[in-house]
Amino acid sequence: MDQGLRHNSSDETTVRSSEERSKFEAEASEQGLYAGPGLALGASPHSPPPSTRFSRLAGSFRARSPRLYNVVDRAVKYIRGPRPKVDLPNPVPLLGRTYNFKGHRFTIALEPAIIRFTRPLTSAWLFVLLVAAYIISFSFLVRAQWYTIPASSFVDCTSVYWTKDAGCGLDGSLCAPFSNSSFDFRCPAQCSSVVLQNPHLVGDESVDFVPLLVGGGDSQKTYRADSFICASAVQAGLFSDSTGGCASVNLVGNFTNYLPTTAFGLSSIGFPSVFPMSFRFSPSTVLTQCTDLRTPALAFNILITCLLFLVLRPKAIVMWWCLVCIGFWHIALFSQPQSTPPPLDVAFGAFLPALFVCYGFWRVAVRFTMPVFANAPFEAMIWYLAPYWTGVLTNLTMDEIPIEQLTAADIKQQPGGVVALIIIVLILLVLVVNQMRVIRKTGWLPYYLGWYVLGGLVTLVLALASGLVFRLHHYIISMVLFPGVGFPTRLSAIYQGFLLGMFLNDVAAFGFDSILQTAASLVGDGTTGSPLPTFLTNSTTYNVSIAFANQTISWDSMPSAIATQGWNGFALLVDDVEVYVGTALNYSLAALEAGLPHFFRLAYAMGGTPGDFTMAATLWPNGTWVDPLPGAS
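The structure reproduced in this document is the subject of the present report. (Residues numbered from 1 in each chain as written. Predicted model: local features only at pLDDT ≥ 70, side-chain atom pairs only at ≥ 80, totals over all residues. Heavy atoms only, no water.)

**Digging into the overall build of the protein**
If you tally the helices and strands in the protein, you get 18 helices and 22 strands. Oriented by its inertia axes, the alpha-carbon framework of the protein measures out at about 100 × 70 × 50 Å. Counting the 633 residues in the protein, one finds 45% classified as buried. Counting contacts in the protein only where the partners sit at least 6 residues apart, residues at least 24 apart contribute 73% of the total. When the accessible area of the protein is evaluated, it comes to approximately 30300 Å², of which 64% is carbon and sulfur surface. Across the protein, the centroid of the 37 positively charged side chains sits 23 Å from that of the 38 negatively charged ones. (Helix = DSSP H or I, 4+ residues; strand = E, 2+ residues; numbered from the N terminus. Buried < 20%, exposed > 50% of the residue type's maximum accessible area, 1.4 Å probe, protein only. Contact = heavy atoms within 4.5 Å. Areas by Shrake-Rupley, 256 points an atom, 1.4 Å probe, with all protein chains shown as cover. Lys, Arg positive; Asp, Glu negative; His and termini not counted. Charge placed at Lys NZ, Arg CZ, Asp CG, Glu CD.)

This is the structure:
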């Protein structure tokens, strides 16, 4: 941890003194075991005399187990730290000091040089003028990004024409028309990294944690209608994933045998049967200003934050609010808007409470760290901005970590999720233990341990007793860890930068979601755990000698125990299209095309709304029936 002699800093430098912190936080009472006449276990001569009853218990413990007593005494003294509490020395600038190396002395004076040359630019009036210029410039970037083409032309990275399972209704009627329709659209950048979060069945093939792309391998690049439009356009070569762009999508109706392909870093899967809706692309001749400006906006904002630290050098509290505002609005308007175009009313709804929380961060931590780097602007820029922008861009920097929702079900579902969690926990453990070592040097460790233990117990009670699902959002992690990083050290500055960026990323992109959520709100389009029906037709009962047009498939009747739950019918998917909803126990294959494979999935229905569907049973053209795998799809 940072060590060095205490040095003079500017007038705005704030050090953590025991007196100031005592005013800010009510000091925890500290009571030790009795260690002898007039002295408690782990106590100093400044400690108040212990109670008589407690003294007798401590004396008895010492007499019966002197070795254990000495171990406990040393542990208590170590955890307690110095008494009276002490301040950590301010870090000496690495680039503004004299070094000795093998008898040679040399001085690095980069920090004083920066301060000397930029002093004329630190005027408050110049700062106000440049802030106004920044707001105007940023507004022009926002206008060019979102407001030069019709809002109806924007599509999200997960936009599709055909929704999952029975989402389009019986025979897809809710998603009509199927053909002879076109649409000019604009896609944002970085859609190739937006993937399915729950398994999605295409025929008998399950896909997950990849963009949903079905087809595109034929000469005309035909995609099934449930493919992600933007990722499909990138794979078809209409525009780059890094810049986004515009194109025209044309619905072409029925198509048979979608072929898989790989292009531009994206792979699609095939579908060997028929589907009622398909699309192809053509270049758009209507839309202009199609390039996504998130990368230029990022470069602009990084440059501005660097100038804030190196050139303008406002007071620490002003610098803090600049970081809060720049990071929040970069996320809300460029890197991770909640929808396209971004809803400004929703963004402002999250911005005001975010300001309140960030003021809390300043009070409990940042005001004890950022000001001590007033004489080291280059160091402060490195320690704060590198982790800050890493946190702001968490959706990109942490994209390869196979954990999405920090819930047990999500971690188990994603390949490598458990290993990634173990690695993250180990890294956090090392960082936390090191930070505890720093806090112990000041004498404040018992105080912090008490509050964190109390908070952990309250969280445990809520998670176990509420009947809801406990979800640890990124913004909550930041709020929990921030109080423990308020010390004048370089590592504390790094932690503060990253935690602020991660907090802003979560709040600006998703809002203040609850720490306790219902299971249904976390499922999304995944399975809900509803009961599953059973096919009576199987690999042994299917009679291949009967002509295909005369074949029927059947399923078991509904058990009374399931009927009492409110289920009152069945829903059948054939080739991923809902073709039947009702109470019948069989379905004729006469309407299906012979010579193609067909895929069947069945679900119980409640008032016409299906529950979870089974896995797919497959009927191949040669008459081979393949029973569905166990479980829901």
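Read on for the rest.
**Thoughts on the nonpolar core**
Core analysis: the largest hydrophobic core is formed by 66 residues, its most contacted members being Trp320, Phe328, Tyr388, Phe482, Leu500, Phe503 and Leu504. Only helix 5 (124–146), helix 7 (294–312), helix 8 (316–335), helix 9 (344–364), helix 10 (377–392), helix 15 (474–481) and helix 16 (490–510) provide two or more residues apiece to this core. What leucine 500 contacts, discounting residues up to four positions off in sequence, is Trp320, Leu323, Val324, Cys358, Tyr388 and Phe482. (Core = buried A, V, L, I, M, F, W, Y, C linked by side-chain atoms within 4.5 Å.)

**Here's the deal with helix 5**
Spanning 23 residues, helix 5 covers 33 Å between terminal C-alpha atoms, matching the ideal 33 Å at 1.5 Å per step. Within helix 5, burial applies to Phe127, Tyr134, Phe138, Leu141, Val142, Gln145 and Trp146. Buried residues along helix 5 sit against strand 3 (179–187), helix 7 and helix 8. In this structure serine 123 caps helix 5, since a side-chain oxygen of it lies 3.3 Å from the backbone nitrogen of tryptophan 125. (Expected span 1.5 Å × (residues − 1). Polar contact = N/O pair within 3.5 Å; in protein donor to acceptor, adjacent residues only side chain to side chain.)

**Some details on the sheet that holds strand 7 (residues 245–252)**
Taken in spatial order, the four strands make up an open sheet running 3-7-12-6, and their pairing is antiparallel. Strands with a single pairing partner mark the edges of an open sheet, and in this sheet they are strand 3 and strand 6 (223–224). Of the pairings in the sheet, the one linking strand 3 to strand 7 comprises eight bridges and is antiparallel in character. Residue pairing in the sheet places phenylalanine 185 in a bridge with alanine 247 of strand 7. (Pairing = 2+ DSSP bridges.)

**Remarks on the environment of phenylalanine 482**
Along the polypeptide, phenylalanine 482 turns up in the loop between helix 15 and helix 16. Take phenylalanine 482: its relative accessible area is 0%, and that puts it in the buried class. As for phenylalanine 482 and leucine 499, which are separated by 17 residues in sequence, their C-alpha atoms are 7.2 Å apart. Excluding residues that lie within four positions of it along the chain, phenylalanine 482 makes contacts with Trp320, Phe361, Ala365, Val366, Gln496, Leu499 and Leu500.

**Remarks on the pattern of salt bridges**
Following the criterion strictly, the structure yields seven salt bridges and no others. Close ionic contact of aspartate 292 with arginine 294 constitutes a salt bridge, the shortest N to O distance being 3.2 Å. The exposure class of aspartate 292 is buried, given its relative accessible area of 4%. Here the salt bridges share partners, and the residues they tie into one network are Asp165, Arg224, Asp226, Asp576 and Arg601. (Salt bridge = Lys/Arg side-chain N within 4 Å of Asp/Glu carboxyl O.)

**Describing the state of the cysteines**
Taken as a whole and judged by the stated rule, the model has four disulfides. For cysteine 157, the disulfide goes to cysteine 191, at an S-S distance of 2.0 Å. Its S-S torsion of approximately -75° makes the covalent link between cysteine 157 and cysteine 191 left-handed. On the criterion of sequence distance, the pair formed by cysteine 157 in the loop between helix 5 and strand 3 and cysteine 191 in the loop between strand 3 and strand 4 (200–202) is long-range, its members being 34 residues apart. Like cysteine 157, the residue cysteine 191 is buried in the burial classification. Across the disulfide from cysteine 246 sits cysteine 290; the S-S distance is 1.9 Å. What sets the handedness of the cysteine 246 and cysteine 290 disulfide is the S-S torsion sign, and at about -100° it is left-handed. In this pair, cysteine 246 is assigned in strand 7 and cysteine 290 in the loop between strand 12 (278–282) and helix 7, connecting sequence segments 44 residues apart. Assessed through its relative accessible area of 12%, cysteine 246 is described here as buried. Counting its disulfide-bonded cysteines in sequence order, the protein shows a connectivity of 1-5, 2-3, 4-6, 7-8. (Disulfide = S-S within 2.5 Å.)

**Remarks on the pairing of strand 7**
Burial analysis of strand 7 places six of its eight residues in the buried class, which makes it a mostly covered element. Note: strand 7 against strand 12, four bridges, orientation antiparallel. Directly across from asparagine 250, in strand 12, lies its bridge partner arginine 280.

**As for the packing of aromatic side chains**
On inspection of all chains with the given rule, the structure shows 39 aromatic pairs. Seen from their ring centres, phenylalanine 271 and phenylalanine 275 are 6.5 Å apart, and the 90° between their planes marks the pair as edge-to-face. The same class applies to phenylalanine 271 as to phenylalanine 275, namely buried. Between the aromatic rings of tryptophan 555 and phenylalanine 570, the centroid separation amounts to 6.0 Å while the plane-to-plane angle is 50°, which identifies the pairing as tilted. On the criterion of sequence distance, the pair formed by tryptophan 555 in the loop between strand 15 (552–554) and helix 18 (560–563) and phenylalanine 570 in strand 16 (residues 569–574) is long-range, its members being 15 residues apart. For phenylalanine 570, a relative accessible area of 3% gives the class buried. (Phe/Tyr/Trp six-rings, centres within 6.5 Å; stacked < 30°, edge-to-face > 60°.)

**Quick look at the pairing of strand 19 (residues 598–606)**
For strand 19, a buried count of eight out of nine residues is recorded, marking the element as mostly surrounded by other parts of the structure. Note: strand 16 against strand 19, six bridges, orientation antiparallel. Looking at strand 19, one finds that leucine 573 is bridged to arginine 601. Note: strand 19 against strand 21 (residues 617–619), three bridges, orientation antiparallel. Each bridged residue has a counterpart across the sheet, and for phenylalanine 599 the counterpart in strand 21 is threonine 618. Alignment of strand 19 against strand 20 (residues 609–610), held across two bridges, turns out to be antiparallel. Pairing of methionine 606 across the sheet is with threonine 609, part of strand 20.

**A look at empty space enclosed by the protein**
The rolling of a water-molecule-sized probe over the atoms marks out the regions of remaining empty space. Taken as a whole, this structure holds five cavities of 30 Å³ or more when the rule is applied. By volume, the largest cavity amounts to about 60 Å³. Among the residues making up the lining of the largest cavity, the classes are represented as two nonpolar, two polar and six charged. (1 Å grid on protein atoms, 1.4 Å probe; cavity = no way out; pocket = protein on both sides within 12 Å on 5 of 7 lines; lining within 4 Å. Points joined across faces, edges and corners; volume = space filled by probe spheres on them. Nonpolar A, V, L, I, M, F, W, Y, C, P; charged D, E, K, R; others polar.)

Note that every value here comes from positions in space, so none of it alone points to a role or purpose.
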